[in-house]
Amino acid sequence: MVNITRAADLTMVGANGGAWVAPVGTPALASPLDQPADPWAALGAISDDGLVNGWDEDSQEFTPWGLTSPFRTQITKSVRTFSATMWETSRTSVMSLHYRLDATDLMPDVSGITKFAETASPVPDRRAFWFIVLDGESARGFYVPEGEISDRSDVTYKQDEMSGFEWTITTYPDAAGNTVYHVDKLPITPADPAS
């Protein structure tokens, strides 16, 4: 009889999580259980769609003459993204990212009024990101040393819907050539039963 091993504690449900932003060059946290501190700024509540870690890859297949299946494949594109909808659209760190502004540009005046303009010629706005996904005793941390919002959805303001900033964040390689660093606290995989 074949023993089929299964371990529910090795599965992951994105039950909870969070996101933070900091200037490029801010180091990763040592653990997904550590509380991010200054200069990390919280991005607040994320919609119940959670966090999506995307992969966009292309490859070129090489099929030799006389064969119908490739005998080599070369990766020609490999992009990592993170997507989420930020619900706290009045949070300074969220507005700063969405409108590509420094947080100091969003300080209210003595009357409590914030004023800013959107440029017709945006410039790159790379920042460091820290994402965590929590499920019971399991935690996954994703450190993006250089990321930038590459896609923004429309924002809807209506009575029966929460307004949110839906973003796709594209990761870029750091000096070491890495785009995402993983820092996880996961259960140990048990040994498979002897055959």
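To be clear, the structure that these remarks concern was listed above.
S.K.: Would you mind going over a negative patch on the surface with me for this structure?
M.R.: Taken together, the side chains of Asp48, Asp49, Asp151 and Glu166 present a region of like negative charge at the surface. Structurally, aspartate 49 can be placed in the loop between strand 2 (41-42) and strand 3 (52-62).

S.K.: Whenever I open this one, the packing of aromatic side chains confuses me. Can you help?
M.R.: Here the distance between the centres and the angle between the planes together describe a pair of aromatic rings. Counted under the stated rule, the structure contains eight aromatic pairs. Where tyrosine 143 meets tyrosine 181, the ring centres are 5.9 Å apart and the plane angle is 45 degrees; that geometry is what we call tilted. Of the two residues, tyrosine 143 sits in strand 6 (residues 138-152) while tyrosine 181 sits in strand 8 (residues 181-185), which places them 38 residues apart along the sequence. By relative accessible area, tyrosine 181 is classed as partly exposed at 27%. What links up through ring pairs into an aromatic cluster is the set Phe82, Phe129, Phe131 and Phe142. Over the ring of tyrosine 172 we find arginine 126, and its NZ or CZ is 3.6 Å from the ring centre.

S.K.: Any chance you could explain the side chain of threonine 26 here in plain terms?
M.R.: With respect to the helices, strands and loops of the structure, threonine 26 is situated in the loop between strand 1 (16-22) and strand 2. Among the polar contacts made by the side chain of threonine 26, one reaches the main-chain carbonyl oxygen of proline 23 at a distance of 2.7 Å.

S.K.: Quick question: what am I supposed to make of the environment of valine 144 here?
M.R.: With respect to the helices and strands, valine 144 occurs in strand 6. Among the residues examined, valine 144 registers a relative accessible area of 0% and is labelled buried. Sequence-wise, valine 144 and phenylalanine 131 are 13 residues apart; in three dimensions their C-alpha atoms are separated by 8.4 Å. Among all residues touching valine 144, those that are not within four sequence positions of it are Phe82, Arg127, Ala128, Phe129, Phe131, Thr171, Thr179 and Val180.

Conventions adopted
Residues numbered from 1 in each chain as written. Predicted model: local features only at pLDDT ≥ 70, side-chain atom pairs only at ≥ 80, totals over all residues. Heavy atoms only, no water. Patch = residues over 30% accessible without salt bridge, like charges linked within 9 Å, V, L, I, M, F, W, Y side chains within 5 Å. Areas by Shrake-Rupley, 256 points an atom, 1.4 Å probe, with all protein chains shown as cover. Salt bridge = Lys/Arg side-chain N within 4 Å of Asp/Glu carboxyl O. Lys, Arg positive; Asp, Glu negative; His and termini not counted. Charge placed at Lys NZ, Arg CZ, Asp CG, Glu CD. Helix = DSSP H or I, 4+ residues; strand = E, 2+ residues; numbered from the N terminus. Phe/Tyr/Trp six-rings, centres within 6.5 Å; stacked < 30°, edge-to-face > 60°. Buried < 20%, exposed > 50% of the residue type's maximum accessible area, 1.4 Å probe, protein only. Lys NZ or Arg CZ within 6 Å of the ring centre and 35° of its normal. Polar contact = N/O pair within 3.5 Å; in protein donor to acceptor, adjacent residues only side chain to side chain. Contact = heavy atoms within 4.5 Å.

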